[in-house]
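In case you want the letters, here they are:
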Amino acid sequence: DVKVTQSSRYLVKRTGEKVFLECVQDMDHENMFWYRQDPGLGLRLIYFSYDVKMKEKGDIPEGYSVSREKKERFSLILESASTNQTSMYLCASSTPTRLAWGGDTQYFGPGTRLTVL
Amino acid sequence: KNEVEQSPQNLTAQEGEFITINCSYSVGISALHWLQQHPGGGIVSLFMLSSGKKKHGRLIATINIQEKHSSLHITASHPRDSAVYICAGPQGGSEKLVFGKGTKLTVNP
C-alpha cells in the first residue's frame, strides 16, 4: 500500500512565522505535489517536483517555497506566514506517467489544516 | 473559466437512491480521474478512465470523449458514501492535474 504522510494534521502559527510542512512517501515515486484546498476553490497546485532538487511552480506559488533533498521527502515552506495562507494543505505523489494522456494516479496524504493568526 | 466543471455542487439523497455526478472538461484533457474525499481530508483515487466505462462495487464511471463529459454513478447509495467527489484531468499530457471544485454528497439514512 502506498503511504503518504504529512508531519502534522493541525497546525496553528502566528503571522510572520516561518512554517515548514513536511511530506514523506514510501513508494519511491518521482513526482510529488503540494496543493492547498479552500472552500469553493477546490484543489490548487502550489508546487510540483519531478525529481530530487527539481521543482516547478504551480498555479499559486507566491509566498511559498519548496525543498526536495531526498526522493521520499518534499517540504513546503511558508517564508513569512500570513492570515490568507490559512488553509488545508495536501501533499501527493505519483510515478511519471506512461500514459499518452498524461498524469497518472496521485496518492494523497491526510492533509494539514494550517491556521495563521 | 475552469477547465474542469462539476455539477451539482451539492447533492442530498436518501439511502438507496441512484446518484449521478457530472463532470465536463475542456480541450487538452483526454482522460479523467474521479477522487473521493471524506470529512477529515484524506483523498483517495476511485477511477482513472480515458474511454468507456469502469465499475468498482456500487460505483460506475463513464466517459464520452467526443462530448468531453464524464459521469460518476453510485447505485444503492448508503450514508457511508457521503463525501466530496472530485473529478480531475491531466492537462495536455502533463504530469499535473486540473481539478474540479468538487461535489458534496450527503446520503441520509
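For the structure itself, consult the block above.
All values derive from a computational prediction rather than experimental measurement.

A.B. asks: Run through the overall build of chain A, naming residues and quoting values.
C.D. replies: If you tally the helices and strands in chain A, you get zero helices and 11 strands. When the helices and strands of chain A are read in sequence order from the N terminus, they spell out β-β-β-β-β-β-β-β-β-β-β. Its C-alpha atoms give chain A a radius of gyration of 14 Å, near enough to 13 Å, the size a compact globule of 117 residues would have. By its C-alpha atoms, chain A is 45 × 30 × 25 Å across when sized along the principal axes. Within chain A, the proportion of its 117 residues that are buried is 49%. The contacts of chain A with a sequence gap of at least 6 include a subset with a gap of at least 24, amounting to 57%. Element-wise, carbon and sulfur atoms account for 50% of the exposed surface of chain A, whose accessible area totals about 5,700 Å².

A.B. asks: Before we move on, could you go through the nonpolar core and cite the residues and values that matter?
C.D. replies: Residues B:Val4, B:Ile19, B:Leu32, B:Trp34, B:Phe47, B:Leu72 and B:Tyr85 are the most contacted members of the largest nonpolar core, which totals 22 residues. The biggest single contributor to this core is strand S3 (residues 19–25) of chain B, with four residues. A:Val4, A:Ile46, A:Tyr64 and A:Ala81 belong to the second-largest nonpolar core, a separate cluster that totals 20 residues.

A.B. asks: An account of the sheet that holds strand S8 (residues 69–74) of chain B is needed here, citing residue identities and associated values.
C.D. replies: All names here are of chain B. Within the open sheet, the five strands sit side by side as S1-S3-S8-S7-S6. Their pairing is antiparallel. Of all the strands in the sheet, just strand S1 (4–7) and strand S6 (52–56) have a single pairing partner and so form its edges. Ignoring strand direction, the axes of neighbouring strands in this sheet form an average angle of 15 degrees. Relative to strand S7 (residues 59–64), S6 is paired through five bridges, and the arrangement is antiparallel.

A.B. asks: So what about the state of the cysteines? Which residues, and what values?
C.D. replies: Cysteine pairs can be covalently joined through their sulfur atoms, and such a bond is termed a disulfide. All chains considered together, the criterion is met by two disulfides over all chains. With a sulfur-sulfur separation of 1.8 Å, A:Cys23 is cross-linked through a disulfide to A:Cys91. Residues A:Cys23 and A:Cys91 share a disulfide whose torsion about the S-S bond is about -75 degrees; that sign makes it left-handed. With a gap of 68 residues between them, A:Cys23 in strand S3 (residues 19–25) and A:Cys91 in strand S9 (residues 87–94) connect regions that are remote in the sequence. No difference in accessibility class separates A:Cys23 from A:Cys91, as the two residues are buried. Across the disulfide from B:Cys23 sits B:Cys87; the S-S distance is 2.0 Å. With the S-S dihedral at roughly 80 degrees, the linkage between B:Cys23 and B:Cys87 falls on the right-handed side.

A.B. asks: Quick rundown of the sheet that holds strand S8 (residues 73–78) of chain A? Include the residues and the values.
C.D. replies: Residue and element names in this part refer to chain A. Pairing within the open sheet is antiparallel, and its four strands lie in the order S1-S3-S8-S7. Sheet topology places strand S1 (4–6) and strand S7 (64–70) at the edges, where each strand pairs with a single neighbour. Shown here is a sheet whose adjacent strand axes are inclined to one another by a mean of 20 degrees, direction ignored. As paired elements, S3 and S8 share six bridges and run antiparallel to each other. For phenylalanine 20, the partnering residue across the bridge sits in S8 and is isoleucine 77.

A.B. asks: Pulling in residues and values, what's your account of the environment of A:Gly16?
C.D. replies: All names here are of chain A. Residue position: glycine 16 is located in the loop between strand S2 (10–13) and S3. Glycine 16 sits in the partly exposed class, given a relative accessible area of 42%. Each C-alpha atom, one on glycine 16 and one on threonine 105, is 36 Å from the other, the two residues being 89 residues apart in sequence. In contact with glycine 16, other than residues within four places in its own chain, are Glu79, Ser80 and Ala81.

How each quantity is defined
Residues numbered from 1 in each chain as written. Chains lettered and ligands numbered in written order. Predicted model: local features only at pLDDT ≥ 70, side-chain atom pairs only at ≥ 80, totals over all residues. Heavy atoms only, no water. Helix = DSSP H or I, 4+ residues; strand = E, 2+ residues; numbered from the N terminus. Rg over C-alpha atoms; globule rule 2.2 N^0.38 Å. Buried < 20%, exposed > 50% of the residue type's maximum accessible area, 1.4 Å probe, protein only. Contact = heavy atoms within 4.5 Å. Areas by Shrake-Rupley, 256 points an atom, 1.4 Å probe, with all protein chains shown as cover. Core = buried A, V, L, I, M, F, W, Y, C linked by side-chain atoms within 4.5 Å. Pairing = 2+ DSSP bridges. Axes fitted to C-alpha atoms, helices over the stretch in contact; angles between N-to-C directions. Disulfide = S-S within 2.5 Å.

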